[in-house]
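# Overview (structure and organization)
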Amino acid sequence: MPKLDADGRAALRALVEAAPDGTLDEWATTLAEQTGVHLHGSTVWRYVRRADLTRKKRHPGLPSNTVTT
């Protein structure tokens, strides 16, 4: 039996669309607060992947300021 019903999946979709740069654990925590269903981050990832949702990828650092002369 899937842990998330249609309402839970809709809530997860709304979370990802509202905060695409959130972590899987942040989404899992927020989803648990909203729906009462506690999921592990990897389970959240499987739902996100199956729904064809994309995560915003941010670069970890600033680009180099070196200039070639």
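Above this text you will find the structure in question.
If you're wondering where the values come from, they're calculated on a predicted model, not measured in any experiment. (Residues numbered from 1 in each chain as written. Predicted model: local features only at pLDDT ≥ 70, side-chain atom pairs only at ≥ 80, totals over all residues. Heavy atoms only, no water.)

## Comments concerning the packing of helix H2 (residues 24–35) against helix H3 (residues 41–50)
Defined as follows: To obtain each axis, a line is fitted to C-alpha atoms, and for helices this fit is confined to the stretch in contact; angles are then taken between N-to-C directions over 0 to 180 degrees. Only runs of H or I of at least four residues qualify as helices and only runs of E of at least two qualify as strands under DSSP, and these elements are numbered from the N terminus. In what follows, roughly perpendicular refers to angles from 65 to 115 degrees, roughly parallel to angles under 35, roughly antiparallel to angles over 145, and oblique to any angle outside these ranges. Contacts between residues were defined by any pair of non-hydrogen atoms, one from each residue, lying within 4.5 Å. Residues are grouped as follows: nonpolar covers Ala, Val, Leu, Ile, Met, Phe, Trp, Tyr, Cys and Pro; charged covers Asp, Glu, Lys and Arg; every other residue, Gly included, is treated as polar.
The geometry of H2 relative to H3 is characterised by a closest axis approach of 8 Å and an angle of 90 degrees between their N-to-C directions. The orientation of H2 with respect to H3, classified from their angle, is roughly perpendicular. Residues Leu24, Asp25, Trp27 and Ala28 of H2 pack against Gly41, Val44, Trp45 and Val48 of H3. For the contact of H2 with H3, the per-class residue count stands at six nonpolar, one polar and one charged.

## Quick look at the nonpolar core
What counts is decided by this rule: Take the buried Ala, Val, Leu, Ile, Met, Phe, Trp, Tyr and Cys residues and link them wherever side-chain atoms come within 4.5 Å; each set so joined is a nonpolar core. Only protein chains enter the accessibility calculation, which uses a 1.4 Å probe. A residue is then buried if its area is under 20% of the maximum for its type, exposed if over 50%, and partly exposed in between.
Core analysis: the largest hydrophobic core is formed by 14 residues, its most contacted members being Leu12, Trp27, Leu31, Val44 and Val48. Mapped onto this core, the elements with two or more residues apiece are helix H1 (6–18), H2 and H3. Not counting residues within four places of it along the chain, the set of residues in contact with leucine 31 comprises Leu4, Gly8, Ala11, Leu12, Leu15, Gly36, Val37 and Leu39.

## As for the pattern of salt bridges
Our working rule: Any Lys or Arg side-chain nitrogen found within 4 Å of a carboxyl oxygen on Asp or Glu counts as a salt bridge.
Within the structure shown, the criterion is met by one salt bridge. A salt bridge links arginine 13 to glutamate 17; the nearest nitrogen and oxygen atoms lie 3.7 Å apart. Taken together, the positions of arginine 13 and glutamate 17, both in helix H1 and four residues apart, correspond to about one turn of that helix.

## Quick notes on the environment of alanine 28
Structurally, alanine 28 can be placed in helix H2. Classification of alanine 28 by relative accessible area gives buried; the value is 6%. With residues up to four places along the chain from it excluded, the contact list for alanine 28 reads Leu39 and Val44.

## Describing unusual backbone geometry
Most of the time, phi is negative for any residue but glycine, and the peptide bond is trans. In this structure, aspartate 52 takes a positive phi of about 60 degrees despite not being glycine. With respect to the secondary-structure elements, aspartate 52 resides in the segment after H3. The exposed category is assigned to aspartate 52, whose relative accessible area is 66%.

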